[in-house]
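Structural overview for review
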Amino acid sequence: MNPLAIIGRAFLGFLATFGRLCIFAGSAVSHCFQPPFYLGLVGRQMIAIGYYSLPVVGLTALFTGAVLALQIFIGSSRFNAESAVATIVVIGITRELGPVLGGLMVGGRVGAAMAAELGTMRVTEQIDALVTLQTNPFKYLVAPRLIAATLTMPLLVLVADVIGVFGGYMIGVHRLEFNAASYLSNTFEFLETQDVVSGLVKAAVFGFIIALMGCYHGFNSSGGAQGVGRATTNAVVSSLILILVANYFITESFFAR
Amino acid sequence: MTEVPKIRIRDLHKRFGQKVVLDGLDLDVGRGESVVVIGGSGTGKSVLLKCILGLLRPEKGSIQIDGEEIVGMRGPDRDRVLRKFGMLFQAAALFDSLSVWENVAFGLVSGEGMERQRAREIANEKLGRVGLGPEVARLYPAELSGGMKKRVGLARAIATEPDIIFFDEPTTGLDPIMGDVINRLIVECVHDLGATTITITHDISSARTIAHRVAMLHMGKIIWDGAAADIDTSGNDYVDQFIHGRAEGPIRMQVR
C-alpha cells in the first residue's frame, strides 16, 4: 500500500476524532449552563472524585515532597545552597508536582471509572433508556461529572500541596536536621500567590480534561466488554497525555518572560 | 376523512458505512394498534425503533407521529414528542445505580419533574400491575432475575402512561412460561392504557399473542404486512420460512 495513503488516512482519522471530541466538548459545556441542573449528582460526583481520591493523592504528595527534599538537599549541597531546600520544595510542589501528579493519579483512578461506567451504560442501552425517559444524557451523565471534576480538582490539589510540603518538612527537619522554625520560615518567605494560583488553575483544567476524556470515550464505546475495556484504556491514556500537554501551555502562559 | 396514523413511516433509509440496513421502509401504525415487526437478526428491526426515537438519524425518509414530522426535530419539540414514548429494552436496560422503584419512577421524577414521594407511590402501583410486590421496590437491578428485570422494565415503560410503547424482543432470554407471562402482561397493560405499540421479536408465539398486525422486515423493506391471524396463510415464502424456522428457503442467512 502507498505509504502516503497510510499517513493521509491516519491524519484524516485524527482530524475526524478531534472534530468529534470538539463537538462533544462544546455540547457538554453548553449543557453545564442550561437547566435542569442535577445538583445531587454533582455532589455525588464531587465525593467520588475528591473524597475517595484523597488517600491516593495524599500519599503521592507526601512521598513526592519527601523525595524532593532529599534530592534538592543532595543537589544543592554541591554548591552550598542547602538553605534553598524548603523554598524549592514548596515552589516545586505548588507549581508542578501537586497538580501534575495529582492530575495523573486522579486521571488513572477517576477517568477509568467514568469511562467504564458510561461505557457499560452505553453497551447495555441504559443511555438510550435515559432518552426514552425524557432525560438528556449530556445533562444527566456528562455535565455533573464535568462540573464536579473541574471544581473538585483544585480543592484536592490544595490538600495535596499542604501534604507535599509537610512531607518535605518531615524529611527536612527529622532526616536532614534543619531547624523547624527556619524551614517553615523559608517555606513561606519566598512563596508567591501566583505559585499557588497557577497550580490551582492547572488542577481545574486537568479535572476538566479527565472528566471530558472519561465521558467522551465511555459515551462513544461500542462492542461489548471489549469495547468498554478499550474505552477505559483510551480515556486514561488520552487524559494523561493531554494533562502533560496542557501543563506546558498553562506554565507558558503564567510564567513565560 | 381517513384517520391520520399514529405512526407513519415513508421511504426510510439508514446505512452504516457500506451496509444498507433500511432501504426505503414504509410502515403505518394506527391509533391503539399493536404491530409486531418480525425478521432475522441484523435486518434492522432495532435500527427502525432507534430511528423513530431519534437515537439514530436516517439519511432519508419521513417519520410522522400524529401527523407531525419528527426527523431532524431537536430541542424542546423533540422532548415534547419523546414524552409520548415508552420503551421496554431487550435486556431491560435498568439503571444499576438506582433501586427498582427509582428506576420505575425515573421518567416521572426526571422527565416530568414529579415530587419523589408521589412518584414512588405510582412506581409501587405500576410494580403491582406487573406482579411485583413492594419488597422488590427496594432491591437493586443486580439482585433481580431476568424475568423480574423484564417486569420492572415493563413497569418503567408504562409508568408515564405513554401513547406509544416499543418492545424490543420482550421474551428473549426467558423460559417459555415467563415469556408467556410477559406477553400477557404486555397485552393487559397496553389494553389498559390504550397505547399504540410496536414490538420487534423473533419469537413467533410472542407475536401471535401480542399482535393485531404483523410486518416482516427483510433486506431493509417491509415485505409482508397483514393481520396476525393471517400469518399462517400469508402465501409469502419469506414469512413461511421465518415462522417455521426453516434453514431452506428464499432467506439466506449471512454466517459471516
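Residues numbered from 1 in each chain as written. Chains lettered and ligands numbered in written order. Predicted model: local features only at pLDDT ≥ 70, side-chain atom pairs only at ≥ 80, totals over all residues.

1. Section: the overall build of chain A
Secondary structure summary: chain A contains nine helices and zero strands in total. Helices and strands in chain A line up, N terminus first, as α-α-α-α-α-α-α-α-α. Across the 257 residues in chain A, those meeting the buried criterion constitute 46%. When contacts within chain A are restricted to residue pairs at least 6 apart in sequence, long-range pairs at least 24 apart make up 88% of them. (Helix = DSSP H or I, 4+ residues; strand = E, 2+ residues; numbered from the N terminus. Buried ≥ 20, exposed ≤ 12 C-beta atoms within 10 Å, placed from the backbone. Contact = placed C-beta atoms within 7 Å.)

2. Side note on the overall build of chain B
The number of helices and strands found in chain B is nine helices and ten strands. In terms of overall dimensions, chain B is globule-like: its C-alpha atoms have a radius of gyration of 18 Å, near the 18 Å expected for 256 residues. When its C-alpha atoms are laid out on the principal axes, chain B stretches across 55 × 40 × 40 Å. Expressed as a percentage of the 256 residues in chain B, the buried residues total 43%. Excluding contacts between residues fewer than 6 apart, the proportion of contacts in chain B whose partners are at least 24 apart in sequence is 63%. (Rg over C-alpha atoms; globule rule 2.2 N^0.38 Å.)

3. Some remarks on the packing of helix α3 (residues 100–111) of chain B against helix α6 (residues 146–159) of chain B
Residues and elements named next belong to chain B. The N-to-C vectors of α3 and α6 enclose an angle of 25 degrees; their axes lie 8 Å apart at closest approach. Between α3 and α6, the angle falls in the class roughly parallel. Helix-helix and strand crossings are classified by hand; for α3 and α6 the assignment is right-handed. Along the contact surface, α3 presents V100, N103, V104, A105, F106, G107 and L108, while α6 presents V152, A155, R156 and A159. (Axes fitted to C-alpha atoms, helices over the stretch in contact; angles between N-to-C directions. Parallel < 35°, antiparallel > 145°, perpendicular 65-115°, else oblique. Left-handed = near helix turned anticlockwise from the far one by under 90°.)

4. Describing the interface of chain A and chain B
Between chain A and chain B, the residue contacts involve ten residues of the former and 16 residues of the latter. Among the residues making up the side of chain A that touches chain B, the classes are represented as three nonpolar, five polar and two charged. (Nonpolar A, V, L, I, M, F, W, Y, C, P; charged D, E, K, R; others polar.)

5. Focus: helix α6 (residues 137–175) of chain A
Residue and element names in this part refer to chain A. Here α6 contains 39 residues, and its C-alpha end-to-end distance of 53 Å stays within 8% of the 57 Å for a straight helix at 1.5 Å per residue. Of all the bends in α6, the greatest reaches close to 35 degrees and is centred on A143; the proline P144 follows between one and four positions later. For α6, a buried count of 28 out of 39 residues is recorded, marking the element as mostly surrounded by other parts of the structure. A positive phi of about 60 degrees marks E177, the residue just after α6. (Expected span 1.5 Å × (residues − 1). Bend = angle between axes of the 7 residues up to and from the residue.)

6. Some words on helix α8 (residues 193–219) of chain A
Here α8 of chain A is 27 residues long and its end C-alpha atoms lie 39 Å apart, about the 39 Å a rise of 1.5 Å per residue gives. Of all 27 residues in α8 of chain A, 19 are buried, a share of seventy percent or more.

7. Looking at the pairing of strand β1 (residues 7–16) of chain B
Residues and elements named next belong to chain B. Where β1 and strand β2 (residues 19–29) come together, eight bridges link them in antiparallel fashion. Each residue of the ladder has a partner; that of I9, found in β2, is L27. Linking two consecutive strands that pair antiparallel, namely β1 and β2, is a turn of two residues; a positive phi of about 65 degrees is found at G17 within it. Relative to strand β4 (residues 60–65), β1 runs antiparallel, the two sharing five bridges. The residue of β4 that forms the bridge with H13 is K60. (Pairing = 2+ DSSP bridges.)

8. Re the sheet that holds strand β6 (residues 85–88) of chain B
Residues and elements named next belong to chain B. If you walk across this open sheet you meet the six strands as β6-β7-β8-β3-β9-β10, and the pairing is mixed. Looking at strand neighbours, the two that pair on one side only are β6 and β10 (221–227), the edges of this open sheet. Direction aside, the axes of adjacent strands within the sheet are offset by 20 degrees on average. One ladder, built from five bridges, connects strand β7 (residues 164–168) with strand β8 (residues 196–201); its direction is parallel. Looking across to β8, one finds that D168 is bridged to I200.

9. A word on unusual backbone geometry
Omega for the bond connecting P35 of chain A with P36 of chain A falls within 30 degrees of zero, at 0 degrees, which places this linkage in the cis form. Within the secondary structure, P36 of chain A is located in the loop between α1 (3–32) and α2 (39–49). Unlike most non-glycine residues, E177 of chain A shows phi in positive territory, near 60 degrees. The residue E177 of chain A is located in the loop between α6 and α7 (180–189) in this model. Phi angles above zero are rare outside glycine, and M219 of chain B is one such case at about 55 degrees. Along the chain, M219 of chain B falls in the loop between β9 (213–218) and β10.

10. Describing the packing of helix α3 (residues 54–76) of chain A against α6 of chain A
Residue and element names in this part refer to chain A. With their axes 7 Å apart at the nearest point, α3 and α6 run at an angle of 40 degrees to one another. The chirality of how α3 crosses α6 is right-handed. Listed contacts from α6 to L54, V57, G58, A61, L62, F63, T64, G65, A66, L68, A69 and L70 of α3 are L156, V159, A160, I163, G164, V165, F166, G167, G168, M170, I171 and G172. Class assignment of the residues belonging to the contact of α3 with α6 gives a composition of 17 nonpolar, seven polar and no charged.

11. A word on the sheet that holds β1 of chain B
All names here are of chain B. Strand order in the open sheet formed by four strands is β2-β1-β4-β5, with antiparallel pairing between adjacent strands. Taken across any chain shown, the strands that pair with only one partner, and hence form the sheet edges, are β2 and β5 (68–69). When β4 meets β5, the two strands line up antiparallel, connected through two bridges. Each residue of the ladder has a partner; that of Q64, found in β5, is E69.

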